Amino acid sequence: MMSEEQPIFNNQIFDASLNQPVSNSLDPFQADYKEFSPNQMMHLAGETLIDAWENQGDAKQALVYAGASIFNSNFTSNAEIAFGESFDVQKAQALGDDILTGKSGVFPDVEFLSNAEMKGALGAYAESTDTIYINSDFLIDNVDNPSAIGKVLVEEKVHFIDAYASPVDSDGDEGEILAGLVAGENFTSNDLQSLKLEDDSTTLVIDGQELRVEQSF
């Protein structure tokens, strides 16, 4: 059982009863991520991504929180629902164990693009560049809603994990499915069937280069 307040990051403390950060804190890499709920990790992912964008800093810590939310939420069971038969659960779980124990793990890059460059998508992941792209206009509109931002980052982190642990892209929108499960959403069988048939891929032109991406709306 976690206490009402737990140290987390950037001179703040997470008040579990309020689901909001409140005061001073320790280095984020000292946090025991297993003590926090997936939704708390998602919230922190959003907050640290906003901070990285505003200060032109490294987004790695946001990816750590996003990864912790994914792997601290019944990952094996969720993976069976979200990914295809080719997905290597053990390989992915080894990455999750690194994240949850504070090891470096493997992370994609993160870049912030305009709404026009993103073609309206909130986030996208390109395996060819191993980069997550985030819509900066979406960040502006949701700066007071870090959980929404964190969920988009989690969805794109899932797309990265699928590419990392599977030789082929899983059917449908595995990112939306697993991010929803992490957030505690209840999918009906019809919901899942619809998402499994969804095509979340498109092409973005970034720096004059056409990139195939998986995206989130």
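For every chain, the first residue of the written sequence is number 1, and numbering continues from 1 onward in sequence order. Since the coordinates come from a predicted model, pLDDT governs what is reported: local features require at least 70, and pairs of side-chain atoms require 80 or more to be given and counted, while whole-chain, interface and lining totals use all residues. Excluding hydrogens and water, the side-chain figures rest on all heavy atoms present in the structure.

Trainee: Provide a residue-level description of the confidence of the model for the chain, including the pertinent values.
Mentor: Mean pLDDT over the chain: 83, with 84% of residues reaching 70 or higher. Every residue is assigned a pLDDT by the predictor, reflecting its confidence on a scale from 0 to 100. Going along the chain from the N terminus, every DSSP run of H or I of four or more residues is numbered as a helix, and every run of E of two or more is numbered as a strand. No element of the chain has a lower mean pLDDT than strand β1 (residues 5–7), at 34, and none a higher one than strand β6 (residues 131–135), at 97. Contacts are residue-level and defined by heavy atoms, with any inter-residue pair within 4.5 Å sufficient. For the stretch residues 1–30, pLDDT sits under 50, and the model shows 73 contacts to residues farther than four places along the chain or on other chains.

Trainee: Let's hear about the environment of G180: which residues, and what values?
Mentor: Counting through the fold element by element, G180 comes out in helix α7 (residues 174–182). Taking the C-alpha atoms as reference points, G180 and N78, separated by 102 residues in sequence, lie 9.9 Å from one another. Apart from residues no more than four positions distant in its own chain, G180 is found in contact with K151, E185 and F187.

Trainee: Account for the packing of helix α3 (residues 75–82) against α7, with residues named and values stated.
Mentor: Here, axes are lines fitted to C-alpha atoms. For helices the fit covers the stretch in contact, and angles between N-to-C directions go from 0 to 180 degrees. Where α3 contacts α7, the axes come no closer than 9 Å and their chain directions differ by 145 degrees. Pair α3 / α7 crosses with right-handed handedness. From α3, F75, N78, I81 and A82 reach across to α7, where they touch E174, I177, L178 and L181. In this scheme the crossing of two helices becomes right-handed for a clockwise turn of the near helix relative to the far one and left-handed for an anticlockwise turn of less than a right angle.

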